[in-house]
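Now for the letters of each chain:
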Amino acid sequence: MGKRSLSANAQGIVQAKEAMARKQWTHEVLAKKVGIKTRLSIGKFLGGCPVERRIFIEICLQLDLSWQEVATQVPEERLSPGMNPSANQPVELNALVAEVRACCQDQIQTQLDTVPLWDLPKPISLGDIYIDVEVWQNIPNRCWFDLADWRRHFQVNRERGYELSPDGTSPERELAMAVLARQTHLIIGGKPGTGKTTFLQYVATQCIHGKFAVDQVPIYIELRDLVQDANTLSLLDYICQEFSDRGVSGETVKTLLQEGKLLILLDGWDEISPLRRFSLFNKLRWFCNRYAKNRYVITCRTGVELYRFGGFTEVELADWTLTQISHFARKYFVALAGVNWERGLAKATEFGVQLEYPENRTIQDMAKTPLLLSFICHVFQSQARFPRQQARFYQEGLDILLQKWDHSKGVERDSPEQPLSLVNRLKLLEHLGSVTLTQHQYCLSQSQVEHYIGDYLRTIPDYQEVDPVGLQIQSQGVLKAIECHHGVLVERSRRVYSFANLSLQQYFTAREFTTKTNQNPDAIAELVTHLTEQSWREVFLFTVTLLRHPEQLIQAMKQGVDQLLIPDLRLGQFVNWIDHQSESSPLSYKSAAVRAFDFVLALILDQALAQTLDSYRLEQPLQAPPLQQLPSCLSLPRKLDVEFILPEALAFKVADYLPNKSFPAPLYRSLILNATLNYSLAFNLALNPEHLGQLVRSLNTLLHPMFECQSNLEMLNQWWFNHRHSWIRRVGFLMGQHDQGEHDWQFSSNQTRSLWDYYDANQLLVDCLTIADDLDTQVQQNIQEELFVYRE
């Protein structure tokens, strides 16, 4: 008979947790007070599991509790003598497994059946929140693609480049549980916060509930608990000790191991100090070979040196898809709503709708990581919207990923052997983001990244005297630390790296410019040179939030917007004409909102006229009519005037401006032209209203027979078959009578692109005005009044 164990009753556990909260003690602090080297016994005590009598009493004394009132005595061995293999009696293996599973069920449910979610006061049931995760079997960083292939790929697929391979395909995904069902020895890699631990919890609870590996007994082990002190237990001793606390003898455990009846879940290889990994690897390898019939799963962050475990299959947890994100949000909000589950469903629906707004692309990038998704849901739960200032939101998410999550688990990753402190690593990422985005580099070779890191290290006094070879070694160490500890840089394929997503690169670039601007205001001029580059849009939005005083950036942006018109006098004339026409607009809203609407509408209509008022192209198909963009005309005006809305008589109606694409090309073009002419007249945006009115009346006469049978496709086809030749000639003659120069601006493709750049830059300026803190009201008003106004 061994030493007697004690377990805490439910009331005692509550008292113990309250005492720890009063004393502000963590598990580690209490373990030191008790005089034990690991926090394992503390976790068991608080989980209601059996703990050695001496330790149990000492825990109660440290917490000022009466151990007699807290304790519930538990016999050391729960297995009956007849079920103990040491009794030399025949043992039915299946019955033995069932008995041991019964002994372990309560402890596994207590330890693993709930998950902590960020900033929630209590954990949530695993079953209420778990989402099926998927893995990549062809691990991306094991594939070979040339850097040139990646660069061509990112040039074509700027937004989706982070999801696809250079051959344009997505890595093949498969349910992790399906892979585990086939593979008995599995290593699961994943970036920080991708749900590796939660997956192991799910596997253990599915097993103990009889839904997976029903003929095995699960045991979950945090590898760092295995190596807490210098006198590290062997894995066999550790497992026997764990089962002993559940009332299972060592002989029984060995029998189960020999018969392959354990499901051994080893979590957190990356949390082991590099100095101890090789020793632990040899012990694990010996154990896995000695008891190879059992099922093993090891988790580890990507980028960490894992060594080669013979017979193990390696996979990597895939980023979450929008479908997975949507399912998680649904479960999250319903779980928090409790009995008001309908309210939770409504919030989940709104979450999904807002997440897909274009302005929330950075949040979409964050949400692909489950840890950050739980943080995003927590924020949305409070406000039912995403924050305006996404830079600070992003900053908090990164703090969770880079520091707070590890600290909450008691994991310390910075150690003396780390070549660069966390603070300097963040400064390095700022430098790397700025340099690469400026040069339009979205992926780099490993040697290029190490070169940039080396350049940065040279600015730190401790590295200025290091020889080139030593500097390269240090740079490699920094790169690996950033990859495995933070997941900010990822290896896309062998020796090719990029930021995990474009938003991260933009965010760190913004931090770099914020630091520069706070030290030297002239840095703003450098930033404004990127005003019309689409990949820099988020940089401006991040920077205006991060700056202590954003007025100077806002004003510099306004000057930059105005200067876009200077190289071409005709562009300035167009803006002046818009300003003049808006004064007699049928819309009565804020003048800036009307000018913005008239500008974009006139530009769209002008492009439509250039395409359709051309008799030579009458019979050619019209692939992408500009009128498809009409609904986008309302976005910026509504930001400038929340009451902006088109009256019913002027509202854009899809049936008017997008006829049936199955219509013959001449008829389709004529209908698009008709809608274009009518909108030009209705909104007072015709260059020559009198002549344009004549064209509209003549065209309507020609289209009248078509209007009469438009709703009956059979009649329309018959009419077209009978009259198409004469009708095409008449329409072509009508178009030939009206010189295009009378009705559209005859802009070149470069001029059109410049006008769209001008519009997008104004829209970016308005977005920055909306989110900037502490901006002088008069400054904001003055800038808005000058939008879409050209001053020579």
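First things first, this report covers the structure right here in the doc.

Cut-offs and rules
- Residues numbered from 1 in each chain as written.
- Predicted model: local features only at pLDDT ≥ 70, side-chain atom pairs only at ≥ 80, totals over all residues.
- Heavy atoms only, no water.
- Helix = DSSP H or I, 4+ residues; strand = E, 2+ residues; numbered from the N terminus.
- Expected span 1.5 Å × (residues − 1).
- Buried < 20%, exposed > 50% of the residue type's maximum accessible area, 1.4 Å probe, protein only.
- Core = buried A, V, L, I, M, F, W, Y, C linked by side-chain atoms within 4.5 Å.
- Pairing = 2+ DSSP bridges.
- Salt bridge = Lys/Arg side-chain N within 4 Å of Asp/Glu carboxyl O.
- Contact = heavy atoms within 4.5 Å.
- Axes fitted to C-alpha atoms, helices over the stretch in contact; angles between N-to-C directions.
- Parallel < 35°, antiparallel > 145°, perpendicular 65-115°, else oblique.
- Nonpolar A, V, L, I, M, F, W, Y, C, P; charged D, E, K, R; others polar.
- Disulfide = S-S within 2.5 Å.

## Things to note about helix H10 (residues 196–208)
An ideal rise of 1.5 Å per residue puts 18 Å on 13 residues; H10 measures up with 19 Å between its terminal C-alpha atoms. Counting buried positions along H10 gives eleven out of 13 residues, so the element sits mostly inside the fold. Listed in full, the buried residues belonging to H10 are Lys 196, Phe 199, Leu 200, Gln 201, Tyr 202, Val 203, Ala 204, Thr 205, Gln 206, Cys 207 and Ile 208. Looking one or two residues past H10, Gly 210 carries a phi angle of roughly 80°, positive in sign.

## Quick word on the nonpolar core
Ranked by size, the top nonpolar core spans 242 residues in total, and within it Trp 269 and Phe 351 carry the most contacts. Judged by nonpolar contacts, the second largest core, of 23 residues, contains Ile 13, Leu 46, Ile 59 and Ala 71.

## Remarks on the sheet that holds strand E15 (residues 496–499)
Pairing is antiparallel across the open sheet formed by three strands, whose spatial order is E13-E15-E14. Where the open sheet ends on each side, the last strands, each with one partner, are strand E13 (444–445) and strand E14 (489–493).

## Details of the pairing of strand E12 (residues 313–317)
Across the five residues that make up E12, a large majority, four, are buried. The pairing of strand E6 (residues 134–136) with E12 spans two bridges and is classified as antiparallel. Bridge assignment links Trp 136 to a residue of E12, and that residue is Glu 316. For strand E8 (residues 185–190) and E12, the ladder comprises four bridges, and the chain directions are parallel.

## Quick word on the pattern of salt bridges
Within the structure shown, the criterion is met by 27 salt bridges. Between Arg 142 and Glu 314 there is a salt bridge; the shortest N-O distance is 2.6 Å. Here Arg 142, found in the loop between E6 and helix H8 (147–156), pairs with Glu 314, found in strand E12; they are 172 residues apart in sequence, far enough to count as distant. Members of the salt-bridge network, linked through shared partners, are Lys 44, Glu 242, Asp 245 and Arg 246.

## What about helix H26 (residues 551–563)?
In this model H26 runs 19 Å from its N-terminal to its C-terminal C-alpha over 13 residues, within 8% of the 18 Å that 1.5 Å per residue would give. Looking at H26, one finds that the buried residues are Leu 553, Ile 554, Ala 556, Met 557, Lys 558, Gly 560 and Val 561. In this structure, the buried residues of H26 make contact with helix H24 (523–528), helix H25 (537–546), helix H35 (749–771) and helix H36 (777–785).

## Points about the packing of helix H20 (residues 422–438) against helix H22 (residues 468–486)
As a packed pair, H20 and H22 sit with axes 11 Å apart at the nearest point and diverge in direction by 95°. When the axis of H20 is compared with that of H22, the two are roughly perpendicular. Seen from H20, the contacting residues are Leu 422, Arg 425, Leu 428 and Leu 429; seen from H22, they are Val 478, Ala 481, Ile 482, His 485 and His 486. Looking at the contact of H20 with H22, its residues break down into six nonpolar, two polar and one charged.

## A few points about the state of the cysteines
By the definition in use, this model includes zero disulfides. The closest cysteine sulfur to the non-disulfide-bonded Cys 103 is located on Cys 104, 6.3 Å from its own sulfur. Accessibility expressed as a relative area gives 7% for Cys 103, which makes it buried. For the unlinked cysteine Cys 484, the closest cysteine sulfur is that of Cys 300, found at 8.1 Å.

## Focus on the environment of Leu 765
Take Leu 765: it is sitting in helix H35. When its relative accessible area of 0% is taken as the criterion, Leu 765 is described as buried. Considering only alpha carbons, one finds Leu 765 and Leu 355, 410 residues apart in sequence, at a separation of 22 Å.

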